[in-house]
Amino acid sequence: DLVRNFYGVLAGLFFVAFLDIKNQPQLYRRKALFVLFSIVFFMIGVTPLLKLSWHYIERHNAFPVVVGFDRNWSSSFVQFKQSEIVVTPTFDKNNYTFHQVRFYPGKYPGFSIVEPEPDWSSYRSLRFSIYSKKAYQLTLRIHDDAHNLEYVDRFNKKLYIRSGFSEFIILLDEVRLGPESRELDLAHIAGLALFSSDLKTQMQFAFSNIYLE
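Owing to the predicted nature of the structure, the values given are computational and were not obtained by experimental measurement. (Residues numbered from 1 in each chain as written. Predicted model: local features only at pLDDT ≥ 70, side-chain atom pairs only at ≥ 80, totals over all residues. Heavy atoms only, no water.)

**Section: the overall build of the protein**
The condition is simple: Each helix corresponds to a stretch of at least 4 residues labelled H or I by DSSP, and each strand to a stretch of at least 2 residues labelled E; elements are numbered beginning at the N terminus. Burial classes: relative accessible area under 20% of the type maximum marks a residue as buried, over 50% as exposed, and values in between as partly exposed (1.4 Å probe, protein chains only).
From N to C terminus, the protein includes three helices and 13 strands. The buried share among the 213 residues of the protein stands at 39%.

**Focus on the packing of aromatic side chains**
Under the convention used in this document: Pairing of aromatic side chains here covers Phe, Tyr and the six-membered ring of Trp, requires ring centres within 6.5 Å, and sorts the geometry by plane angle: under 30 degrees stacked, over 60 edge-to-face, intermediate tilted. Two limits define a charge over a ring: the Lys NZ or Arg CZ must be within 6 Å of the ring centre, and within 35 degrees of the ring normal.
Going through the model one piece at a time under the given rule, you end up with 14 aromatic pairs. Between F103 and F207, the ring centres sit 6.3 Å apart and the planes meet at 20°, which makes this aromatic pair stacked. You can see F103 sitting in strand β5 (residues 96-103) and its partner F207 sitting in strand β12 (residues 203-207), a full 104 residues away along the chain. A single burial state applies to F103 and to F207, both of which are buried. Centre to centre, the rings of Y108 and F195 are 5.9 Å apart; their planes meet at 90°, and the pair counts as edge-to-face. Within this pair, whereas Y108 is found in the loop between β5 and β6 (110-114), its partner F195 is found in strand β11 (residues 189-195), the two being separated by 87 residues in sequence. Residue Y108 is classed as partly exposed on the basis of its relative accessible area of 39%. With relative accessibility at 12%, the residue F195 sits in the buried group. Three or more aromatic residues joined by ring pairs make a cluster, and in this case those are F69, F80, F103, F111, Y136, F205 and F207. Residue placement shows R59 over the ring face of F77; its charged tip is 5.0 Å from the ring centre.

**Some points on the nonpolar core**
Counted only if it meets this: Buried residues of nine kinds, namely Ala, Val, Leu, Ile, Met, Phe, Trp, Tyr and Cys, make up a nonpolar core once their side-chain atoms join them within 4.5 Å. The criterion used for residue contact is that any of the two residues' heavy atoms lie within 4.5 Å.
In this structure, W120, L126, F128, L140, I142, I170 and F207 are the most contacted members of the largest nonpolar core, which totals 34 residues. Apart from the residues within four sequence positions on either side, L140 is in contact with L126, F155, N156, K157, L159, I170, L192, A193 and L194.

**What to know about the side chain of S129**
In this fold, S129 is placed in strand β7 (residues 125-132). Once residues within four sequence positions are removed from consideration, S129 is found in contact with Y96, F98, S166, E167, A206, F207 and S208.

**Observations regarding the sheet that holds strand β2 (residues 78-81)**
Threshold: For two strands to be treated as a pair, DSSP must find no fewer than two bridges joining them. Here an axis means a line fitted to C-alpha atoms, over the contact stretch when the element is a helix, while the angle between two N-to-C directions is reported on a 0 to 180 degree scale.
In spatial order, the strands read β2-β6-β11-β8-β9; together these five strands make up an open sheet with antiparallel pairing. Of all strands in the sheet, those with a lone pairing partner are β2 and β9 (155-161), marking the two edges. Within this sheet the neighbouring strands show an average axis-to-axis angle of 15°, counted without direction. The pairing of β6 with β11 spans five bridges and is classified as antiparallel. When the bridges of β11 are listed, G110 appears paired with F195.

Shown next as structure tokens:
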């Protein structure tokens, strides 16, 4: 924010300087230069906003894909915690493209999706696959706008991953009944996360895109 504000201030100062110069023929070149600098710094400042706006459009157009590791827009909505995408070639299996993600030792390493496309109410299930060289257990978490940050006020599910390929089909009726004292609002989904708990050694998983059916 500070960097973007700095560019905004520079753009404003150059524009003020342009307005402050009197309309004299010998000063037209200087005025044109100030206008050019003002436009350049303004565009630099708003580029991240334009990029994010475009990613919102791409995310909407890709729906019912909820997480698209192979899509540029995912960089604005997928957050990694003690984990990262591994820069290695993807591979295809069972009509899925898999993307390598490395989990580092920590309390809750994994990734989360902030501001997913919110209305899941017209779909029946969430579907994805995971490839692992070792059997392991991950946790899937889904919450809505009304989530009060308590564990019992969201959908939590342990995913038992076998060595090799594991396919998961999560019924949205199950997600809806996840909170202990209410129903989760499938029309206002606010976040999704896949993570490990108390990971002691580095692990690597390959995830397919996550989508609704």
